[in-house]
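Below are the chains, spelled out letter by letter.
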Amino acid sequence: MARRRFWSLRPASLQDAVQAVWANLLLHGFPARMLTTSLAWLPTFWLGTVSWVLFVVLLLSGLPLMVFYIPSVGDAYHSVEDIEYVVSFGWWLRAMHRLAAHLMVTSTTLHLVRVFVTGSYKNSGAGDQHREWNWVIGVAMIAATVLLSFTGYLLPWDQRAYWAVTVATGIVSSTPIAGAIVREVLIGGRAIGQATLMRFYVLHIVVLPIAVATLFGYHMWRVRKDGGLASGDGAEGEAGLVHAIPRVVGRIAVVTLATLLVVTVLAVLIPSPLEGPANTLVTPNPAKGPWYFLWLQEIVADTTLGLGPLRINGGLIGGLILPLALGVVLAGWPWIDRSPLTSAGVAFARERRVQIAVFMFVVVAVAALTVVGLLRGPSWAFFWPWQAWPLVPTRF
Amino acid sequence: MDSAQPDRRSVIVKLGVAAGGAALAAQAGIVLRSFVPNVSYDAPTRLKIGLPERYADGLTFQPDARVFVARAGKRFRALSAVCTHLGCTVHAEAVLRPDANDPDLRLATQIFELSCPCHGSRYHADGTNISGPAPRPLAAYRLTLAPDDGQMVVDLGDEVEASFRLEVP
């Protein structure tokens, strides 16, 4: 017999499969055997794996971008222009990075929706499970993903970047008492400038990626500790078990290729926008945040309230209190959900239909507000897609 | 030994944990403090914005200071162009104000309103908020005349009452 490697991607026996998990760094996170149902395309759509692949794409495309990008107020815009028009395939790196970021916000959000409607944050009562904490980690990862995307949004130092940061830090400073000092720490002064760019840059390339990577490791570890997918809870015996290697490795390869295909095709089709260099005096009209904040943009515009002589800025109510409250309720939902254990891991379980209806109502409301935000034209007016925008002066 | 009495070992462990915690907290505080700038590289708040005669009657946007300079004869005021909602720059928009007795708009007067592109706040030309999420009127800043060359000086760090006017001789 020819000399065999000590582990194999095509194990002949259970012992071989275990050996592969035991001996290989990349495979050691997998179980030796998995339920076939856990490998199915539905109901997970493999959205967690898709998000992970996108994160890797972001790391790999971000590295060369870091080489060309200059985090200085004077040079940032021109270095991004160079990446777009001068560096060989720079436009490609930038498009991959930008689209993977947008898609990661989308895929992590859809992953959250999937986990909610299938009740997968619930423990089935078997063994020592703490799925509720993995849900909390997941919510934290979405927050970190959105912050990653938003801090990256500032880096080109163009008009849309500058004014998005103006509005975001305006929301922070609408907080009574602490607002002004928190804003000063965040932007490194009283006006948005070099200190702001540097702070956001360090958040974007060091702090937040490490946070996501750490939380991701914790997330996967918990999935293993909790016994895999919630839909597989309660399965007993040998029936339905397959060797994780090569079956799960093969599926992950397919998901990776499909995700790469989508990002690549989109990167060819969708050019990355770059508006004029940041003009600290003139706000573009219309001025819109990134799409995942448009629903909040609608809310901050409608939540300025009067309490007698006191007027409370909509930035505080719609920009801070409401999203924070939503986040806390979302993260704490496993403790609010009192449905029976039998609904764990079941899609659209009857026992949970009221809470699923409430959740889907919020999801649809957020989506509807996002569409309204997308359709807004100059001077906050609403335009249907077939209505032309009026011409507005862009210079004064 | 009484079991309710902490023994020496557990007291020392607690002291150690407390000391370590205090040290970590102090380090975290130091790092946070370093993020609060001690020197401001912000632009100065007092800006010369030109001689009074440079400005026509009505509203003129002064980009260096991000203010509207309002002039009525010899009286001037500086109105902030920073929206009180979340800090975008408002711009002037011409609006036709119809006369109630004049459906054909023959007597309609053209006035200016200030409009914010970010969330649709609107203000009268005097800075009073009309509609949208703006919680209060636009700020007005102190205007003075520079003693050396007679230019107007706006102080963006000195907010004044809406009734403030600079009268030039």
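Residues numbered from 1 in each chain as written. Chains lettered and ligands numbered in written order. Predicted model: local features only at pLDDT ≥ 70, side-chain atom pairs only at ≥ 80, totals over all residues.

1. A closer look at the overall build of chain B
Line of reasoning, step 1. Helix and strand counts for chain B come out as one helix and eleven strands.
Line of reasoning, step 2. Starting at the N terminus and walking to the C terminus, you meet the elements of chain B as α-β-β-β-β-β-β-β-β-β-β-β.
Line of reasoning, step 3. Since a compact globule built from 169 residues should have a radius of gyration of about 15 Å, the 28 Å found for chain B marks it as more spread out than a globular shape.
Line of reasoning, step 4. Once the C-alpha set of chain B is aligned to its principal axes, its extents read approximately 100 × 50 × 25 Å.
Line of reasoning, step 5. Going through the 169 residues of chain B one by one, you find that 27% of them count as buried.
Line of reasoning, step 6. Across chain B, every contact between residues at least 6 apart in sequence was considered, and the portion connecting residues at least 24 apart equals 41%. (Helix = DSSP H or I, 4+ residues; strand = E, 2+ residues; numbered from the N terminus. Rg over C-alpha atoms; globule rule 2.2 N^0.38 Å. Buried ≥ 20, exposed ≤ 12 C-beta atoms within 10 Å, placed from the backbone. Contact = placed C-beta atoms within 7 Å.)

2. As for the overall build of chain A
Line of reasoning, step 1. When you go through chain A residue by residue, the secondary structure sums to 13 helices and four strands.
Line of reasoning, step 2. Taken against the 2.2 N^0.38 rule, which gives 21 Å for 396 residues, the C-alpha radius of gyration of chain A at 24 Å falls within 12% of a compact globule.
Line of reasoning, step 3. Overall size of chain A, expressed as C-alpha extent along the three principal axes, is 80 × 55 × 45 Å.
Line of reasoning, step 4. Per-residue burial over chain A gives 35% buried out of 396 residues.
Line of reasoning, step 5. Within chain A, contacts between residues separated by at least 24 positions form 72% of all contacts whose residues are at least 6 apart in sequence.

3. Regarding the interface of chain B and chain A
Line of reasoning, step 1. At the interface, 25 residues of chain B touch 33 residues of chain A.
Line of reasoning, step 2. When the residues that make up the side of chain B that touches chain A are grouped by side-chain class, the tally is 13 nonpolar, nine polar and three charged. (Nonpolar A, V, L, I, M, F, W, Y, C, P; charged D, E, K, R; others polar.)

4. Considerations on the pairing of strand β9 (residues 140-145) of chain B
Residue and element names in this part refer to chain B.
Line of reasoning, step 1. Sheet topology places strand β4 (residues 75-80) next to β9; two bridges connect them, and they run antiparallel. Looking at β9, one finds that Ala-78 is bridged to Tyr-141.
Line of reasoning, step 2. Where β9 and strand β10 (residues 152-160) come together, six bridges link them in antiparallel fashion. Looking at the pairing, Arg-142 lines up with Asp-155 of β10. (Pairing = 2+ DSSP bridges.)

5. Overview of the sheet that holds strand β6 (residues 109-115) of chain B
Residues and elements named next belong to chain B.
Line of reasoning, step 1. The strand order β5-β6-β7-β8 describes an open sheet built from four strands, whose pairing is antiparallel. The sheet is open, and its two borders are formed by β5 (91-97) and β8 (129-131), each paired with just one other strand. The average undirected angle you get between the axes of adjacent strands in this sheet is 45 degrees.
Line of reasoning, step 2. In this sheet, β8 lies alongside strand β7 (residues 122-124) in antiparallel orientation, the contact comprising two bridges. Bridging from a neighbouring strand, Arg-122 pairs with Ser-131 of β8. (Axes fitted to C-alpha atoms, helices over the stretch in contact; angles between N-to-C directions.)

6. Focus: the packing of helix α5 (residues 131-154) of chain A against helix α8 (residues 194-225) of chain A
All names here are of chain A.
Line of reasoning, step 1. Running from N to C, α5 and α8 cross one another at 155 degrees; their axes reach a closest spacing of 9 Å. The angle between the axes of α5 and α8 places the two elements in the roughly antiparallel class. With respect to the hand of their crossing, α5 and α8 are arranged in left-handed fashion.
Line of reasoning, step 2. Within the contact of α5 with α8, the residues separate by chemical class into 19 nonpolar, seven polar and one charged. (Parallel < 35°, antiparallel > 145°, perpendicular 65-115°, else oblique. Left-handed = near helix turned anticlockwise from the far one by under 90°.)

7. Here we look at the packing of helix α4 (residues 90-117) of chain A against helix α9 (residues 244-269) of chain A
All names here are of chain A.
Line of reasoning, step 1. Axis separation between α4 and α9 bottoms out at 9 Å; the angle between their running directions is 120 degrees. In terms of orientation, α4 lies oblique with respect to α9. Where α4 crosses over α9, the handedness of that crossing is right-handed. The segment α4 lies against α9, with Trp-92, Ala-95, Met-96, Leu-99, Ala-100 and Leu-103 engaging Val-263, Leu-266 and Ala-267.

8. Some points on the nonpolar core
It is characteristic of soluble globular proteins that their nonpolar side chains tend to be buried jointly.
Line of reasoning, step 1. Among the nonpolar cores identified, the biggest contains 86 residues, and Leu54(A), Ala100(A), Val67(B) and Val154(B) are the most heavily contacted of them.
Line of reasoning, step 2. With near-sequence residues (within four places) excluded, Val154(B) lies in contact with Leu47(B), Ile49(B), Ala65(B), Val67(B), Ala78(B), Tyr141(B) and Leu143(B).
Line of reasoning, step 3. Listed in part, the eight residues of the second largest apolar core include Ala17(A), Phe30(A), Met34(A) and Leu35(A). (Core = buried A, V, L, I, M, F, W, Y, C linked by C-beta atoms within 7 Å.)

9. Some remarks on the domain arrangement of chain B
Line of reasoning, step 1. The domain boundaries assigned to chain B delineate domain 1 (1-36) and domain 2 (46-167).
Line of reasoning, step 2. Distance from the C-alpha centre of domain 1 of chain B to the C-alpha centre of domain 2 of chain B: 57 Å. (Domains from an automatic or database assignment.)

10. Concerning the environment of Gly16(B)
All names here are of chain B.
Line of reasoning, step 1. Its location among the elements puts Gly-16 in helix α1 (residues 8-34).
Line of reasoning, step 2. Accessibility expressed as a C-beta count within 10 Å gives 10 for Gly-16, which makes it exposed.
Line of reasoning, step 3. In sequence terms Gly-16 and Ser-80 are 64 residues apart; their C-alpha atoms lie 56 Å from each other.

11. Topic: the pairing of β6(B)
Residues and elements named next belong to chain B.
Line of reasoning, step 1. Two strands pair when backbone bridges link them, and β5 and β6 are joined in this way by seven bridges, in the antiparallel orientation. Within β6, the residue paired with Ala-92 across the bridge is Leu-114.
Line of reasoning, step 2. Across three bridges, β6 lies against β7 in antiparallel orientation. By the bridge assignment, Leu-114 is partnered in β7 with Tyr-123.

12. Looking at α4(A)
Line of reasoning, step 1. Given a rise of 1.5 Å per residue, 28 residues ought to cover 40 Å, and the 40 Å separating the end C-alpha atoms of α4(A) matches this to within 8%.
Line of reasoning, step 2. Just past α4(A), the residue Gly119(A) takes up positive phi, approximately 60 degrees. (Expected span 1.5 Å × (residues − 1).)

13. Observations concerning unusual backbone geometry
All names here are of chain A.
Line of reasoning, step 1. In this structure, the amide linkage connecting Leu-42 to the following residue, Pro-43, adopts the cis form with an omega of 0 degrees.
Line of reasoning, step 2. Counting through the fold element by element, Pro-43 comes out in the loop between β1 (33-35) and α2 (47-68).
Line of reasoning, step 3. Across the junction of Ile-245 and Pro-246, the peptide omega takes the value 15 degrees, indicating a cis bond.
Line of reasoning, step 4. The phi dihedral of Trp-157 falls on the positive side, at around 55 degrees, and the residue is not glycine.
Line of reasoning, step 5. With respect to the helices and strands, Trp-157 occurs in the loop between α5 and α6 (159-173).

14. Here we look at the confidence of the model for chain A
Low-pLDDT stretches of the model should not have their predicted coordinates read in fine detail.
Line of reasoning, step 1. Per-residue confidence for chain A gives a mean pLDDT of 90, with 98% of residues at or over 70.
Line of reasoning, step 2. Mean pLDDT across the elements of chain A bottoms out in strand β3 (residues 305-307) of chain A (79) and peaks in α2(A) (97). (pLDDT = per-residue confidence, 0-100.)

15. Describing the confidence of the model for chain B
Residues and elements named next belong to chain B.
Line of reasoning, step 1. Mean pLDDT over chain B: 88, with 97% of residues reaching 70 or higher.
Line of reasoning, step 2. The element-level mean pLDDT for chain B is lowest in β5, coming to 82, with α1 highest at 95.
Line of reasoning, step 3. We note a pTM of 0.90 for the whole complex and an ipTM of 0.83 for its interfaces.

16. A look at the environment of Pro323(A)
Line of reasoning, step 1. Among the structural elements, Pro323(A) can be located in helix α11 (residues 314-331).
Line of reasoning, step 2. Judged by the 17 C-beta atoms lying within 10 Å of it, Pro323(A) falls in the partly exposed class.

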